[in-house]
Amino acid sequence: MTKIQNAVIGSVRTVIGWVPAGWLPGGSPDPLIERRAAIGRQASRLDGPLKVTGEARFAAEVAVDNLSYAALVHSPITRGRIMRLDTDAADAAPGVILVVTHRNMPRLGTLALIGMSDMSAIGNSDLPILQDAQVHYNGQVVAAVIAETQEQADHAVSLIMIDYTAEPAKTLFEEAKATARTPASVLIEKNHVTVGNAERELSRSAHIVDNVYRTPPHNHNAIELHTVTAMWEGDGLLVHDTTQMVAPSATALAKLFGLKREQVRVLSPFVGGGFGGKGMWDHQIVAVAVARMVGRPVRLTLSREGVYRIIGGRTPSEQRVAIGADAAGRFTALIHSGYSVMPPYGACPEQYTLGSRAIYDAKSFEFLQRHVDLDIVPNTFMRAPGEAIGTFAVESAVDEMAHAMGVDPIDMRMANIAERHPVSGAPFSQHALKQAFTDGAERFGWNRRVAEPGSRREGEWRIGIGCAAGSFPYARMPGANVRITLHGDGSATIACSAQEMGMGTATVQVQHAADRLGLPLEAIRFELGDSDLPASPMAGGSSQTASVAGAIIAAAEKLTGEMLRLAGNASPVAGLRAGEVRLTDGGIASIADPSRHDSFESILARAARDDMTVTAAGSMPLEMFKFAMHSTSAVFCELRVSDVTGEVRVDRLLGSFDCGTILNPKTAASQFRGGMIMGLGLALTEETLFDGRSGRIMNASLADYHIPTHLDVPQIDVMWTDIPDPRSPLGARGIGEIGITGVGAAVANAVFNATGKRVRDLPITLDKLLPD
Amino acid sequence: MNPISYSRAASVADALHMAGGQGARLLGGGTNLVDLMRKGVDTPSQLVDVTALPDGIDRAEDGGLIIGAAARNSAVAAHPLVRSGYPMLARAILAAASAQVRNMATVGGNVMQRTRCLYFNDVAGARCNKRVPGSGCDAIGGFNRYHAILGGSDACIATHPSDMCVALAALDGQVHIAGPAGERTVPLVAFHRLPGERPDIETVLDPTEIVVAITLPPSPFAARSAYRKVRDRASYAFALVSVAVGLTMREDRVDAISVAFGGIAPKPWRAARIEDALRGASLSPSAIEKAFEAEFADATLLPGNGFKRGLAKRTLSAMLTELGGPAQ
Amino acid sequence: MTIKVNGQDFPPPDDARVSLLDLLREQLHLTGTKVGCNQGACGACTVLLDSRRVLSCLTLAVQADGRSVTTIEGLGTAEALHPLQAAFIEHDGFQCGYCTPGQICAATAMLEEVAAGMPSYLTVDLAADRITLSREEVQERMSGNLCRCGAHNGIIDAILDVAGEHRP
Ligand SMILES: Cc1cc2nc3c(=O)[nH]c(=O)nc-3n(C[C@H](O)[C@H](O)[C@H](O)COP(=O)(O)OP(=O)(O)OC[C@H]3O[C@@H](n4cnc5c(N)ncnc54)[C@H](O)[C@@H]3O)c2cc1C
Ligand code: SF4
Ligand code: FES
Ligand code: FES
């Protein structure tokens, strides 16, 4: 984002700051917060039976006639040019239909980079795809083969001969730091933020911790591989994809291939895990282009190695956190700055300082991120981008300060947790982080902690406990639309293009719609994952639930008006205005006199209508600009470290969350746990091995990139304050990403408590804990 | 993967007959070979399935054990004779891979499996002397966390990744080989070669030969033996260091001892110097330390794998101390 | 010879390179068996081969010739769920559901293995022929099935529930 956009966002905030809260969305709390029946219930997933029987059809599982299969060739060099290209053997190989290289690939423009203003700008990179002989990063797609079977395509790929001339490449983080860029903004926030003179305050502080923390690159590693099946039907394009951005993908593909939006349909009813990685990348574009060239449906499934090669993950970071505290333990200075990789052709800054701006008060602040430019597959958002690694640094530093001062780490936090947004001064919409700590500490048995590191032992194991805070901003995205159809039998269908990646979107929104429309759960169907349905924004930033809910609110209001009009003069609710009724018991009732009730069925029957359909968009999410809105958490960890081997075993993990209303305890608990487990991986085992000599990722496999196994995962306790947020639809804030935040630090702090060793570079592998 | 032909050998003779040609490979469970074929590391044109060859697990004439090369890893680990007489072997097998892989993997394939060196497995992007002799070794200046500190050479520092073989080495396993010229037997510890100048030649097995069985002599160690595997996650990961130890004690002194390491060398590493130093000794920390130093004196430590020396020492010491204590 | 899949006979593929996984998914359209890596590293492709759990991605279809394969489709249907399938729903043992068929197939075989007295790396007394199925034992035995959504707790709860040893 540019300086100008900075100024625009800044002035929107200022203006909204003057507007009375009552005028904004959520100005008066959502009435369903007080009046919920299905919401908050422990409901099993609606798609459960399909998923446990293998009947759910994921993207690569749609049977298609006359299907052909594609395989990709990835560049083994990092920067340079293709000098010689020999595809003869591949062309002649059995089953091969077409070999595509930059020579015969149709000319295409580039994707618009992900931006905060245009929701169909979804490019993770704006590099050309198979358009020229230039190689920009190791793993880049340089050719594709389409064949009758996958085996034939894979084999033909090995027959393509390419000679490259290598050019000097930037592959060393340490060296590239010297020329790092300082962007004006990070997402929609100003990058370099100062409050007071933090360096000066720091140097004058009674207590100082000032350290550098490092985090490695990570990959999402959704178990489902990226896969796309593209087919042209006349001028129309049908794409079966696994994507977190159904409608935006259709819009972006239409733009890129010069089609009208209506000519493109993207279907993605089930997504086998996303975590930020299932966006728009090169493979979809190649598949769509070659499907037109061969005049047949093409299925392109990336190999697991291919996923590592062309789907970027989380960038590595090097973060400095400096905290100054006065004698009473109040923070006088908080400095959080650092470096992360973002190539100029990429779009995703890793916003690791944004979370740090929202938790603690301090007399002075300084925040600054710099982007290191490497020749590398463009990084992208991965579960809690920024916060996941930012909290590792800051929450480790807070623990270091508590230890240095001999203060209990929770007391240290309690003394400094902010009551308003510490930097902007905006009021929190709702914020009970202190309660989350208190409740969590009690359930966890924090009082059993022995402050002196290395004090607890059982056999060869040293035992430690630690805690950390987590924070993730609330987001509701503009541009969420839904369609509600009330049927003559009194049932309803809710439809939008939203995506289901395991969050339980349909399950939770059916619960919501039941209460919103006054219908039983069984009477509601939810359709999603189809770009022909009213457009929803991408699933990202833990925003989907609030965004879709906001649209359902708007549609329900519209529906109320339409049904009142249709009810006519003979109705018990005749003469009432929309504000005077509510939807309940399968119909409309007067708020003042609930006995005045007319059922949807009879209204439709009297009007001789089969159904009533409304489509509406959610209101602009202005609440985000007026209030500081954050999901927060207190994470507690107990673990063992072997004195013999340095191995770490996590025995207990507890997350205490403050995320507004919990809409479905069962699916929410799973979301929290899922995030926390990814946090365990981040803390202990996960690292994408990027060989700085070659610029190549070396562990492009699930055998060599270690995500947690069952034996690595303890029983995880989760709890929540369940205090509704008066400013958000249903009182809910996001829950999908908060789980991972704070876990890295909670583990590192527990390791310190167990061993006295402070590990500041992730992952905390056993070699870092062996005695010297 | 290149086009391949497939046939199933019904007997050892059958297999020898089919497997002789260029481009032929024996196929056990396929857990290693199929993966390597998909990666392009190995490019056979003919597969000879040897899983129908003898897979029995039986008491041998000398009171030891004979295990057919086609026996599945899980069958070996589950066998009562193994669990009671050679628990270290059962434990080592159960430490490896996952239940699914162990159900597929054969004993012959396990012994013959290739290294997991990241550069060996990256045909397109890395130089590797083992894959392409003389091309160089990218692991030496690169990621070598899983690489050897003993027995490597300037040409190659890859480790043999098997857990099972570490226990077989400690248990004096013998590899029974059939070839066109007849049968021969090689001790497991002599079966795998050190890389020297030719890391591409990994075993003493000739391409025309096949492994038909493994035998184990009777073991005195059942009561005091252990296999401990140290790895980067709690399960389903290759060893950073693994240690197999078998002991018998006479009073407070070591009578018989067997020690082998995995994860630190190009082959299952039988630690004869440690055994020599400790035989007849009492298991004091200083005796263990001295014995360890004798074995690891010429370890070559790189930035990525230097920690393994200390790790191996600590793991061995803890195991010896525990096993040498009062009998359970 | 033929490959028996969920009780029905099919001819082995002509192309010997075709994995059992691809035979099931691409040729027989039994897409309940999933592909997560094709490297033997995730367990999503787990099926039962002659009642034992194996990875269909590293099994060539021709190797299954003359054998019988059971996939998730052969375990239960939405109308008649296998007890493990029902327990997975009850305990929310999945999110995206992609690793789920592999987890359930693996768990089915795992319970048989335990009943047959098969030890694990964590079994203290390897010579004992009865296994006490602790939570940790189940975790170790299921560690060949990765889940990235983090449904681990629900999966283990579901299995323990079916194993009849559920503890709170
Ligand atoms: C994800 C993953 C994790 C793993 N983790 C571990 C681990 O932690 N510890 C561990 O020890 N192992 C591990 N393994 C490796 C596994 O143990 C081996 O792949 C397996 O033992 C190989 O046996 P196989 O029968 O499948 O061999 P195949 O793949 O069939 O064959 C391997 C090689 O042996 C040759 N061969 C097969 N049979 C014979 C014979 N009778 N005579 C001569 N040559 C023969 C083949 O030609 C081939 O070259 C892992 C594997 C995977 C995929
Ligand atoms: S260590 Fe050996 S296997 Fe690995 S790259 Fe070097 S030569 Fe190849
Ligand atoms: S797909 Fe077979 S183990 Fe991952
Ligand atoms: S439920 Fe998504 S990978 Fe397990």
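Residues numbered from 1 in each chain as written. Chains lettered and ligands numbered in written order. Predicted model: local features only at pLDDT ≥ 70, side-chain atom pairs only at ≥ 80, totals over all residues. Heavy atoms only, no water.

An unreviewed UniProt entry lists chain C under the name 2Fe-2S iron-sulfur cluster binding domain-containing protein, with Sphingobium psychrophilum given as the organism.

In the annotation of an unreviewed UniProt entry, the entry for chain B reads Xanthine dehydrogenase family protein subunit M, and the organism field reads Sphingobium psychrophilum.

Engineer: When you look at the overall build of chain C in this model, what are you seeing that I'm missing?
Structural biologist: Helices and strands together make up the secondary structure of chain C, namely five helices and five strands. Going from the N terminus to the C terminus, chain C shows its helices and strands as β-β-α-β-β-β-α-α-α-α. Since a compact globule built from 168 residues should have a radius of gyration of about 15 Å, the 16 Å found for chain C is in line with a globular shape. C-alpha atoms of chain C, sized along the principal axes, occupy 50 × 35 × 30 Å. For chain C, long-range pairs separated by at least 24 residues make up 56% of all intrachain contacts whose partners lie at least 6 apart in sequence. Where the 12 positive side-chain charges of chain C centre and where its 21 negative ones centre are 3 Å apart. (Helix = DSSP H or I, 4+ residues; strand = E, 2+ residues; numbered from the N terminus. Rg over C-alpha atoms; globule rule 2.2 N^0.38 Å. Contact = heavy atoms within 4.5 Å. Lys, Arg positive; Asp, Glu negative; His and termini not counted. Charge placed at Lys NZ, Arg CZ, Asp CG, Glu CD.)

Engineer: What exactly am I supposed to notice about the overall build of chain B here?
Structural biologist: Regarding its fold elements, chain B presents 12 helices and 12 strands. The C-alpha atoms of chain B give 19 Å as radius of gyration, which agrees with the globular expectation for 328 residues (20 Å, within 12%). C-alpha atoms of chain B, sized along the principal axes, occupy 60 × 50 × 35 Å. In chain B, which comprises 328 residues, the proportion classed as buried is 60%. Residue pairs in contact within chain B that sit at least 24 positions apart in sequence constitute 61% of those at least 6 positions apart. Approximately 11700 Å² of chain B is accessible, and the part contributed by carbon and sulfur atoms is 54%. Each charge class in chain B was averaged separately, 34 positive and 30 negative side chains, and the resulting centres sit 6 Å apart. (Buried < 20%, exposed > 50% of the residue type's maximum accessible area, 1.4 Å probe, protein only. Areas by Shrake-Rupley, 256 points an atom, 1.4 Å probe, with all protein chains shown as cover.)

Engineer: It is not clear to me how the interface of chain C and chain A should be interpreted in this structure. Could you clarify?
Structural biologist: As a measure of interface size, the accessible area lost when the parts come together is often cited. Each partner contributes residues to the interface: chain C has 56 residues there, and chain A has 60 residues. Interface area, chain C with chain A, both sides summed: about 4500 Å², of which 56% is carbon and sulfur. Per-residue buried area on chain C facing chain A is highest for Gln95, Arg148 and Asn153 of chain C; these three make up 19% of the total on that side. The tally of links between chain C and chain A comes to five salt bridges. In this assembly, chain C and chain A are joined by 26 residue pairs in polar contact (both at pLDDT 80 or more). Of all elements in the fold, only helix H1 (20-27), helix H2 (83-90), helix H3 (100-115), helix H4 (135-141) and helix H5 (152-163) of chain C reach the threshold of two or more residues within the side of chain C that touches chain A. (Buried area = accessible area lost by both parts, 1.4 Å probe. Salt bridge = Lys/Arg side-chain N within 4 Å of Asp/Glu carboxyl O. Polar contact = N/O pair within 3.5 Å; in protein donor to acceptor, adjacent residues only side chain to side chain.)

Engineer: Just checking my understanding: could you explain the pattern of salt bridges for this structure?
Structural biologist: Where charged atoms from two side chains of opposite charge come close, those side chains can pair. Residue and element names in this part refer to chain A. Following the criterion strictly, the structure yields 78 salt bridges over all chains and no others. Arg606 is paired through a salt bridge with Asp598; the nearest N and O atoms lie 2.7 Å apart. For Glu638, the salt bridge goes to Arg652, with nearest N and O atoms at 3.1 Å. Residue Glu638 is located in strand E27 (residues 630-642), and its partner Arg652 is located in strand E28 (residues 648-658); the two are separated by 14 residues in the primary sequence. Taking the relative accessible area as the measure of exposure, Glu638 reaches 9% and is therefore buried. Here Arg652 falls in the partly exposed class, since its relative accessible area comes to 26%.

Engineer: How do you make sense of the site of ligand 1 when you look at a structure like this?
Structural biologist: Leu26, Gly28, Thr31, Leu33 and Thr106 of chain B are the nearest of the 33 residues found near ligand 1. This site is not confined to one chain, since residues near ligand 1 come from chains B and C. Between ligand 1 and Leu26 of chain B there is a distance of 2.5 Å, counted from an oxygen atom to a backbone nitrogen or oxygen. Between Val211 of chain B and ligand 1, the recorded distance is 2.9 Å, taken from a backbone N or O atom to a nitrogen atom. Burial of ligand 1 by the surrounding chains reaches 96%, relative to a free accessible area of 980 Å². At the level of elements, strand E2 (24-27), helix H7 (107-112) and strand E8 (210-216) of chain B are the ones that each hand at least two residues to the shell around ligand 1. Considering each element in turn, the shell around ligand 1 owes the most residues, four residues, to H7 of chain B. Grouping the constituent residues of the shell around ligand 1 by class yields 16 nonpolar, 14 polar and three charged. (Near = heavy atom within 4 Å. Nonpolar A, V, L, I, M, F, W, Y, C, P; charged D, E, K, R; others polar.)

Engineer: How do you make sense of the packing of H2 of chain C against H3 of chain C when you look at a structure like this?
Structural biologist: The description of two packed helices rests on the angle between their axes and on the distance between the axes. All names here are of chain C. Relative orientation of the contacting elements H2 and H3 amounts to 125°, with a least axis distance of 10 Å. With respect to their mutual orientation, H2 and H3 come out oblique. In this structure, H2 crosses over H3, and the sense of that crossing is right-handed. Contact residues: Leu84, Gln85 and Phe88 in H2; Thr100, Gln103, Ile104, Ala107, Thr108 and Leu111 in H3. Grouping the constituent residues of the contact of H2 with H3 by class yields five nonpolar, four polar and no charged. (Axes fitted to C-alpha atoms, helices over the stretch in contact; angles between N-to-C directions. Parallel < 35°, antiparallel > 145°, perpendicular 65-115°, else oblique. Left-handed = near helix turned anticlockwise from the far one by under 90°.)

Engineer: Is there a simple way to think about the UniProt feature "domain: FAD-binding PCMH-type" (unreviewed entry) in chain B in this case?
Structural biologist: On the UniProt side, "domain: FAD-binding PCMH-type" (unreviewed entry) is annotated at positions that read residues 1-221 of chain B here. Each end of residues 1-221 of chain B is marked by a C-alpha atom, and these two atoms are 45 Å apart; helix forms 26% of the span and strand 17%. (UniProt positions renumbered as here; feature names shortened; annotations may be inferred.)

Engineer: I would appreciate a short explanation of the sheet that holds strand E16 (residues 331-341) of chain A in the present structure.
Structural biologist: Residues and elements named next belong to chain A. On the basis of which strands lie adjacent, the open sheet formed by five strands has the order E9-E17-E16-E15-E10 and mixed pairing. With partners counted over all chains shown, the strands left at the sheet margins are strand E9 (193-195) and strand E10 (207-215), one partner each. Along the sheet, successive strands turn relative to each other by an average axial angle of 10°, direction set aside. On top of the sheet, helix H10 (residues 387-405) reaches E10, strand E15 (317-325) and E16; it is set at about 150° to E10, its chief contact. (Pairing = 2+ DSSP bridges.)

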